[in-house]
Amino acid sequence: MPIDDKDFVKLNYTGRVKETGDVFDTTYEDVAEEAGIKNDQKDYHPMVLAVGSSQLIPKLHDEIKGLEVGDKKTVEIPCEDAFGKRDPSLIKLIPMKEFKRQNIKPFVGMPLTLEGNPGVVRTISGGRVRVDFNHELAGKDIVYDLEIVDTIQDDAEKIKGLIEVYYGNPNLDVEKTEIEIEDGVAKITLDKLSGFEQRTVQEVTLSKFRVARETYENIEGIEKVQFIDEFEKPESEEETEEDADSEEVAPEVLSDDEE
């Protein structure tokens, strides 16, 4: 059956810069390793995609619609339909004194964030630092090799796929995540390791919001998403033994003769 909007698919892909052939993203571990972009914190496998969502650039969703499981396709996307053309207004000159004031020593290629916008230091000259806030792929035509591995019908599995994409905790075991769907409400109890992550409350909240939004926008019948935090006291062996030793024993009642 041809893929359409709001279908959930398992997708393998490799993205390359058309001009150079450089790989910038892939779901294949061997391809990432060969390209020198392998991330040890990433689990390489087909990603779960809600077709028509904000997970990928819109042009890719258009190309995926109409395909079927097992289909492979190579798609060329011009820069204006990919990550946009380069915008000269997004290249800023920042006085070196601003970096010194914050005790930062900039260098060419240094990534930084200004008012929530990621950028890269391009040049340092004359007491000024030129920072480029364009997307690193802006102005570049790109090529994607796509493969439709499977489709997902079960709503709980769809949500687990969205958690893998959006939650962003490499220590979280999505298979230990419990999902209950009833009366239009999806209740999500994450793997206990999700409570021990080195991220701010704002970052965690944003991740949960993204999962929730993609869930109720793309899964029919779900109107609300709840994340449930559970903390359960473990019962250790020592506690069990102590409890056994401290069990009360009823005193033996002696008859008058026995006394």
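Residues numbered from 1 in each chain as written. Predicted model: local features only at pLDDT ≥ 70, side-chain atom pairs only at ≥ 80, totals over all residues. Heavy atoms only, no water.

Some remarks on the overall build of the protein chain
So, point 1. Looking only at helices and strands, one finds six helices and 12 strands in the protein chain.
So, point 2. For the protein chain, the share of sequence-separated contacts (at least 6 apart) that also reach a separation of at least 24 residues comes to 61%.
So, point 3. Roughly 17200 Å² of accessible area belongs to the protein chain as shown, and the carbon and sulfur atoms make up 46% of that amount. (Helix = DSSP H or I, 4+ residues; strand = E, 2+ residues; numbered from the N terminus. Contact = heavy atoms within 4.5 Å. Areas by Shrake-Rupley, 256 points an atom, 1.4 Å probe, with all protein chains shown as cover.)

Structural notes on the side chain of K158
So, point 1. Examined against the element boundaries, K158 turns out to sit in helix α4 (residues 155-166).
So, point 2. On the basis of relative accessibility, which here comes to 11%, the residue K158 falls in the buried class.
So, point 3. Discounting residues that sit within four places of it in the chain, K158 has contacts with F8, V48, I152, Q153 and I219. (Buried < 20%, exposed > 50% of the residue type's maximum accessible area, 1.4 Å probe, protein only.)

Section: a negative patch on the surface
So, point 1. A grouping of E19, E80, D81 and D141 is seen on the molecular surface, where their side chains present a negatively charged patch.
So, point 2. Along the chain, E80 turns up in the loop between β4 (72-77) and β5 (91-95).
So, point 3. By relative accessible area, E80 is classed as partly exposed at 47%. (Patch = residues over 30% accessible without salt bridge, like charges linked within 9 Å, V, L, I, M, F, W, Y side chains within 5 Å. Salt bridge = Lys/Arg side-chain N within 4 Å of Asp/Glu carboxyl O. Lys, Arg positive; Asp, Glu negative; His and termini not counted. Charge placed at Lys NZ, Arg CZ, Asp CG, Glu CD.)

Structural notes on α4
Residues spaced three or four apart along an α-helix face the same direction, because each turn holds 3.6 residues.
So, point 1. The end-to-end C-alpha distance of α4, which contains 12 residues, comes to 17 Å, matching closely the 16 Å that a straight helix rising 1.5 Å per residue would cover.
So, point 2. What α4 keeps buried is the set A156, K158, I159, K160, G161, L162, I163 and Y166.
So, point 3. Looking at the buried residues of α4, the elements they touch are β1 (8-17), β3 (47-50), β9 (142-152), β10 (178-182), β11 (185-189) and α5 (201-218).
So, point 4. N-cap assignment for α4: the residue whose side-chain oxygen lies 3.2 Å from the backbone N of A156 is D154. (Expected span 1.5 Å × (residues − 1). Polar contact = N/O pair within 3.5 Å; in protein donor to acceptor, adjacent residues only side chain to side chain.)

Quick notes on the sheet that holds strand β7 (residues 117-125)
So, point 1. Strand order in the open sheet formed by four strands is β5-β8-β7-β6, with antiparallel pairing between adjacent strands. Two strands lie at the open edges of the sheet, namely β5 and β6 (111-114), each paired on one side alone. Looking at each pair of strands side by side, their axes are set apart by 45° on average, direction ignored.
So, point 2. Where β6 meets β7, four bridges bridge the pair, whose relative direction is antiparallel. (Pairing = 2+ DSSP bridges. Axes fitted to C-alpha atoms, helices over the stretch in contact; angles between N-to-C directions.)

Examining the pattern of salt bridges
So, point 1. Tallied over the entire structure, the rule returns 15 salt bridges.
So, point 2. If you follow the salt bridges from partner to partner, you end up with D5, D62 and K65 in one network.

So, the nonpolar core
So, point 1. Counting residues in each nonpolar core, the largest one holds 22 residues, and the members touching the most others are F8, I159, I163 and I188.
So, point 2. Residue contributions to this core peak at five residues, all from α4.
So, point 3. Membership of the second largest hydrophobic core comes to 19 residues, among which are I57, I142, Y144 and L146. (Core = buried A, V, L, I, M, F, W, Y, C linked by side-chain atoms within 4.5 Å.)

Remarks on α5
So, point 1. Relative to the 26 Å expected for 18 residues at 1.5 Å per residue, α5 spans 26 Å between its end C-alpha atoms, a close match to the ideal helical length.
So, point 2. Each element contacted by the buried residues of α5 is listed here: β1, β3, α4, β11 and β12 (224-228).

In short, shape yes, function no, at least from these values alone.
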